[in-house]
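# Fold and geometry: a report
As a plain string of letters, each chain reads:
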Amino acid sequence: MKGEIFQNLAKIVKKLELSGLTNSEARTEARIIVAHVLRVGPLDVYFHSKPLTPEEKKEIEKLLKRRCQGEPLAYVLGEAEFWGRRFVVGQGVLIPRPETEQLVEVALSLISPGPQWVCELGVGSGVVSLTLALERKDLKVFGIEKSPKALQIALTNRKQWRLEKRVFFARGDWFSPLRPGPYFSLVVSNPPYIAPEEWTELPPEIRDYEPKEALWAPKKGLYYIEKTLREAPTYLKPNGFVCLEIGYRQGPLVREIASRMGYKTEIIKDFAGHQRILVAKLKDTLAHR
Ligand code: GLN
């Protein structure tokens, strides 16, 4: 019965709209949820001619209930897309953002050809480390993560993408698992950078579900940014880079901090025009990259 899938979708759309989504959001998400349960692509849903089985209906209901209660879609589905690839996510790791894809793009532009090591601080689900390694076959990545739950998810993703030989994840607090280097040509991080004062401005979907320790940082949100810039020289090879995602209002201050520490800096804007990525280099000029 071909019409059945449309009736089901319409019912799901209505429920999602009642929970506060716009019609267009609800239609997109309804398709994604059904596709997820049927294990097909979102557009293939329309061509699903078989009636839904009771198990499929039950599974859809379960996911829909969680979504309607406000849980982010990526957690409900247990996966998110990053750089065109699927990664496992769950409560306990940050849901990867498009801005972070830009962090990866900038990081890739900083890595010269040839085998070398990159360090990622705060790997979360592992999307940054794993994408760098997938895009550059000669690269090795050492990622550090404090949360055991996040580390578990990062290891699952590493296995899924078969990167056990080039990506290494260690548990620890920022650079703490490492002895003084130098090892790395690049230190990259999407650190927690939301200031305590900004916490209440966050939408409930983020505030109530995503891990606070992945988002929130003392000292006006600058704590981890400052710590990275201060400690990175111990682990960076000569002419190495620090590449950090930063808060959209932090650019000028971050630049000042990095310059004071002796770095040459450049800030790259995101697609919304916000200053979003800091590139800092200890020696030489940025023009040489
Ligand atoms: N590196 C992960 C990401 O960018 C996690 C970052 C974090 O938890 N602050 O999605």
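Thresholds applied
- Residues numbered from 1 in each chain as written.
- Predicted model: local features only at pLDDT ≥ 70, side-chain atom pairs only at ≥ 80, totals over all residues.
- Heavy atoms only, no water.
- Helix = DSSP H or I, 4+ residues; strand = E, 2+ residues; numbered from the N terminus.
- Contact = heavy atoms within 4.5 Å.
- Polar contact = N/O pair within 3.5 Å; in protein donor to acceptor, adjacent residues only side chain to side chain.
- Near = heavy atom within 4 Å.
- Areas by Shrake-Rupley, 256 points an atom, 1.4 Å probe, with all protein chains shown as cover.
- Nonpolar A, V, L, I, M, F, W, Y, C, P; charged D, E, K, R; others polar.
- Axes fitted to C-alpha atoms, helices over the stretch in contact; angles between N-to-C directions.
- Parallel < 35°, antiparallel > 145°, perpendicular 65-115°, else oblique.
- Left-handed = near helix turned anticlockwise from the far one by under 90°.
- Phe/Tyr/Trp six-rings, centres within 6.5 Å; stacked < 30°, edge-to-face > 60°.
- Buried < 20%, exposed > 50% of the residue type's maximum accessible area, 1.4 Å probe, protein only.
- Pairing = 2+ DSSP bridges.
- Salt bridge = Lys/Arg side-chain N within 4 Å of Asp/Glu carboxyl O.

What follows deals with the environment of E145. Note that E145 resides in strand β4 (residues 139-145). Setting aside residues no more than four positions away along its own chain, E145 makes contact with G122, V123, G124, A150, L151, A170, R171 and G172. Within polar-contact distance, the side chain of E145 engages the backbone nitrogen of G124 at 2.8 Å.

All residues adjacent to the ligand are L94, T100, E120, G122, V123, G124, V127, V128, N190 and A214. Within the contact set of the ligand, a nitrogen atom lies 3.3 Å away from a backbone nitrogen or oxygen of V123. At a separation of 2.9 Å, a nitrogen atom of the ligand approaches a polar backbone atom of A214. Burial of the ligand by the protein amounts to 96% of the accessible area it has alone, namely 300 Å². Its residues assigned to classes, the shell around the ligand comprises five nonpolar, four polar and one charged.

Our focus in this paragraph is the packing of helix α1 (residues 3-18) against helix α3 (residues 54-68). Viewed as axis vectors pointing N to C, α1 and α3 meet at an angle of 20°, and their least axial separation amounts to 10 Å. The angle between the axes of α1 and α3 places the two elements in the roughly parallel class. Crossing of α1 over α3 shows right-handed handedness. Of α3, the residues touching α1 (which contributes E4, N8, I12, K15 and L16) are K57, I60, E61, L64, R67 and C68.

Attention now moves to the packing of aromatic side chains. For the structure on display, the rule yields eight aromatic pairs. Ring geometry for F87 versus W161: centroids 5.9 Å apart, planes at 45°, classification tilted. Of this pair, F87 sits in strand β2 (residues 85-88) while W161 sits in the loop between α7 (148-160) and β5 (167-171); the two residues are 74 residues apart in sequence, bridging distant segments of the chain. Given the relative accessible area of 26%, W161 is considered partly exposed. Taking the centre distance of 4.8 Å and the plane angle of 50° together, the rings of W174 and Y224 count as tilted.

This part covers unusual backbone geometry. Between G181 and P182 the backbone carries a cis peptide bond, its omega angle lying at 10°. By the secondary structure assignment, P182 is in the loop between β5 and β6 (184-189). Despite not being glycine, K219 has its phi angle at roughly 55°, a positive value. Of note, K219 is situated in the loop between α9 (212-215) and α10 (223-231). Exposure remark for K219: the relative accessible area of 51% places this residue in the exposed category. You will see that K220, though not glycine, has its phi angle at about 60°, which is positive.

Let's shift gears to the sheet that holds strand β7 (residues 236-245). Here seven strands make up an open sheet; going across it, the order is β5-β4-β3-β6-β7-β9-β8 and the pairing mixed. Either end of the sheet is taken by a strand with one partner, and the two such strands are β5 and β8 (264-269). Averaged over all adjacent pairs, the angle separating strand axes in this sheet is 20°, with direction ignored. In this fold α7 packs onto β4 and β5, with an angle of close to 165° to the strand it touches most, β5. Strands in contact with α10 are β3 (116-121), β6, β7 and β9 (275-281); relative to β7, the strand with the most contacts, it is inclined by about 175°.

Moving on, we get to the pairing of β8. Inspection of the sheet shows β8 paired to β9 by six bridges, in the antiparallel sense. The partner of I267 across the bridge, within β9, is L278. Linking β8 to β9, which pair antiparallel, is a turn of five residues; within it G273 sits at a positive phi near 85°.

Taken as a whole, this structure holds 15 salt bridges when the rule is applied. One salt bridge connects K62 with E59, and the closest N-O pair in it is separated by 3.6 Å. In this pair, K62 and E59 are both assigned in helix α3, three residues apart and thus about one turn of the helix distant. The class for K62 is exposed, based on a relative accessible area of 51%. R86 serves as the salt-bridge partner of E79, at 3.4 Å between the closest nitrogen and oxygen. For R86, a relative accessible area of 49% gives the class partly exposed. Salt bridges sharing partners connect three or more residues here, namely E29, R67 and E205.

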